2 protein chains.
Amino acid sequence: MKATDMTALAKTDDWIDRFDGLSRLEPALRNVLTTRSHVVRLPADSVIFGPGKSPDNLLLLLQGTVRVQQLAESGREVVLYRVTAGESCVLTTACMLAYEDHAAEGIAETEIVAAAIPRGVFDELVASSKEFRNFVFRAYSRRITDLFHVIEDIAFRRMDIRLAQKIIERADTGVLKATHAQLAAELGTAREVISRQLAEFQRRGWIAQSRGVIEIRDCDGLRGLAET
Amino acid sequence: MKATDMTALAKTDDWIDRFDGLSRLEPALRNVLTTRSHVVRLPADSVIFGPGKSPDNLLLLLQGTVRVQQLAESGREVVLYRVTAGESCVLTTACMLAYEDHAAEGIAETEIVAAAIPRGVFDELVASSKEFRNFVFRAYSRRITDLFHVIEDIAFRRMDIRLAQKIIERADTGVLKATHAQLAAELGTAREVISRQLAEFQRRGWIAQSRGVIEIRDCDGLRGLAET
DNA sequence: CGCGATCAGTGACCTAGTCACACAAGCCCC
DNA sequence: GGGGCTTGTGTGACTAGGTCACTGATCGCG
């Protein structure tokens, strides 16, 4: 489905059903959602929020993915989680709406289409609908679980294992388009570390590499490591 | 103020004012809170929640502190944040209420006194009060900010700096009672690393050590490192 | 006093992150 | 199609941090 189709779809209330938990909203509230939220389209690489730029809408992603990452002064970064179509950005929104400027930012990885719920409407829905509250708290819960997982990974897991997992996770058709530097930012490490690990994976025949591209040659080999 | 006093206090609605944002609750809602929540006292080292043990009350801490930490299979751990008197445990509660069992647990560091708000009352208050909603979302925000900070620390900061900060932060009167193993768990590292760093701090005359006790001798020295 | 439990110190070794490079591949633009 | 630029990758030497297998020190307690 193309973005233009989504824009049309958003005029009806059908898109609500893409969001786990919102499908059971009472008709009146569906109406509130659809009439008082608007659809936005943003090009790839847009900064959705970031230091000094907090959103005042709750975004429900209809299409595309948003990457949320943490930046350090040193220039290093680490990806915290991704928001995909059918998910909401509650955490960061509510987080922003109240507190200090922190060093996390959300970036559109692809062109995105989203329903933007103004803060007032959000508040109204939270007040009037148990379903919506469940939706919101469930979304929070999911993100926080993700964060816990990230912390566990960074603090306790070996780089080679994390890298193997990441390659498997992000290589659609056995091919992953990413530079070593991008993978390093993804995992919160240095580029050289990735280069060395990938060289080892290649030596073992698990992958083949060329500039900006990693091709999986032996998925079982990778998986064997990843599941250690 | 002793715990017994707090128990008495909790019978009036005064304790509400200890919680940032709840002080502006309308009288009717204050009443809901005080009549339908009960005060609990738990001894030090109680497990408030953990794998396989999710709370069904929202706790508002009146006295004591709760440590929330992440456990790894390897046995290593890391402290995520602490909940202190006048704060709530929203994050973990709401987190638990919805999703999978994860590897975080909350432990009473001291004897604690808390107001326990049943899930139903929580839901009712979120629905009926803008103040309460703000309170909840602000609490979330704070915790998430803490988590972001933890991630930044673990991923990008040097151990010696983190250790120096932790010592300053947790040494009340210039003295910190903690074993090397406890500090290691606090920072998510290994005991040996802490031992070596502390030996170095001692060599520089910043601290003095004895079994289970660290005494600050030159706070400026420590601070100089911590603020690097 | 003697004994077990807990706490701290140490050396050898491995993994990860840093620094300073060299080199290679694509890209543009005459 | 040969310069020059930018971006991506490879490498060696070094430091920081984590693991393992110990030893010795200290404490509590019967």
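None of these values were measured; they are calculated from a predicted model.

1. Topic: the overall build of chain A
Right, on to step 1. Secondary structure summary: chain A contains nine helices and ten strands in total.
Right, on to step 2. Referenced to the eigenvectors of the C-alpha coordinate spread, the extents of chain A come out at roughly 60 × 40 × 30 Å.
Right, on to step 3. Looking at chain A as a whole, 53% of its 228 residues qualify as buried.
Right, on to step 4. Nonlocal contacts in chain A, meaning residues at least 24 apart in sequence, comprise 69% of its contacts between residues at least 6 apart.
Right, on to step 5. Carbon together with sulfur atoms contributes 48% to the accessible area of chain A, which is approximately 10,200 Å² in total.
Right, on to step 6. Side chains of chain A carry 30 positive and 32 negative charges; the gap between the two charge centres is 2 Å.

2. Describing the domain arrangement of chain A
Residues and elements named next belong to chain A.
Right, on to step 1. With domains assigned, chain A is organised as domain 1 (3-155) and domain 2 (157-226).
Right, on to step 2. Look at where the C-alpha atoms of domain 1 and domain 2 centre, and you get two points 29 Å apart.
Right, on to step 3. Counting residues at the interface gives ten residues for domain 1, matched by ten residues for domain 2.
Right, on to step 4. Between domain 1 and domain 2 lies a buried interface of about 830 Å² when both sides are counted; carbon and sulfur atoms form 35% of it.
Right, on to step 5. Considering only the surface of domain 1 that becomes buried against domain 2, Arg76, Arg82 and Asp153 emerge as the three largest contributors, covering 51% of it.
Right, on to step 6. Counting across the domain 1 and domain 2 interface gives two salt bridges.
Right, on to step 7. Between Arg82 and Glu186 there is a salt bridge, and its shortest N-O distance comes to 2.6 Å.
Right, on to step 8. Here domain 1 and domain 2 share five residue pairs in polar contact (both at pLDDT 80 or more) between them.
Right, on to step 9. Residue assignment for the side of domain 1 that touches domain 2 shows that the elements contributing at least two residues are strand 5 (77-84) and helix 5 (130-156).
Right, on to step 10. Tallied by class, the residues present in the side of domain 1 that touches domain 2 amount to four nonpolar, no polar and six charged.

3. Thoughts on the packing of aromatic side chains
Here a ring pair, both rings aromatic, is described through the centre-centre distance and the interplanar angle of the planes.
Right, on to step 1. Tallying each qualifying case throughout the model produces 16 aromatic pairs over all chains.
Right, on to step 2. Ring plane angle 70° and centroid distance 5.8 Å describe the contact between A:Phe122 and A:Phe132, whose orientation is recorded as edge-to-face. Of this pair, A:Phe122 sits in helix 4 (residues 119-128) while A:Phe132 is found in helix 5, placing the two residues ten residues apart along the sequence.
Right, on to step 3. Since its relative accessible area comes to 0%, A:Phe132 is described here as buried.
Right, on to step 4. When the centroid spacing of 6.3 Å and the interplanar angle of 90° are considered together, the rings of B:Phe19 and B:Phe135 count as edge-to-face.

4. Quick notes on helix 5 of chain A
Residue and element names in this part refer to chain A.
Right, on to step 1. The end-to-end C-alpha distance of helix 5 is 38 Å, a good match for the 39 Å that 27 residues give at a rise of 1.5 Å each.
Right, on to step 2. Counting buried positions over the 27 residues of helix 5 gives 21, a clear majority of the element.
Right, on to step 3. Regarding helix 5, its N-cap is Ser129, as a side-chain oxygen of that residue lies 3.2 Å from the backbone nitrogen of Glu131 further along.

5. Overview of the protein's contact with DNA strand D
Right, on to step 1. Taken together, 18 residues surround DNA strand D, and among them A:Arg211, B:Met159, B:Thr189, B:Arg196 and B:Arg211 come closest.
Right, on to step 2. Per the 4 Å cut-off to the protein, sugar and phosphate atoms form 51% of the nearby atoms of DNA strand D.
Right, on to step 3. In the model, a phosphate oxygen of DNA strand D is placed 2.4 Å from a nitrogen or oxygen of the B:Thr189 side chain.
Right, on to step 4. Of the residues that constitute the surface near DNA strand D, the class distribution is three nonpolar, six polar and nine charged.

6. Quick look at the sheet that holds strand 8 (residues 175-177) of chain A
Residue and element names in this part refer to chain A.
Right, on to step 1. If you trace the three strands from one edge of the open sheet to the other, you get 8-10-9, paired in antiparallel fashion. Each of the sheet's edge strands pairs with one partner strand only, and the pair in question is strand 8 and strand 9 (207-210). Shown here is a sheet whose adjacent strand axes are inclined to one another by a mean of 15°, direction ignored.
Right, on to step 2. Direction of pairing for strand 8 relative to strand 10 (residues 213-216): antiparallel, over a ladder of three bridges. Residue pairing in the sheet places Val175 in a bridge with Glu215 of strand 10.

Conventions and cut-offs
Residues numbered from 1 in each chain as written. Chains lettered and ligands numbered in written order. Predicted model: local features only at pLDDT ≥ 70, side-chain atom pairs only at ≥ 80, totals over all residues. Heavy atoms only, no water. Helix = DSSP H or I, 4+ residues; strand = E, 2+ residues; numbered from the N terminus. Buried < 20%, exposed > 50% of the residue type's maximum accessible area, 1.4 Å probe, protein only. Contact = heavy atoms within 4.5 Å. Areas by Shrake-Rupley, 256 points an atom, 1.4 Å probe, with all protein chains shown as cover. Lys, Arg positive; Asp, Glu negative; His and termini not counted. Charge placed at Lys NZ, Arg CZ, Asp CG, Glu CD. Domains from an automatic or database assignment. Buried area = accessible area lost by both parts, 1.4 Å probe. Salt bridge = Lys/Arg side-chain N within 4 Å of Asp/Glu carboxyl O. Polar contact = N/O pair within 3.5 Å; in protein donor to acceptor, adjacent residues only side chain to side chain. Nonpolar A, V, L, I, M, F, W, Y, C, P; charged D, E, K, R; others polar. Phe/Tyr/Trp six-rings, centres within 6.5 Å; stacked < 30°, edge-to-face > 60°. Expected span 1.5 Å × (residues − 1). Near = heavy atom within 4 Å. Pairing = 2+ DSSP bridges. Axes fitted to C-alpha atoms, helices over the stretch in contact; angles between N-to-C directions.

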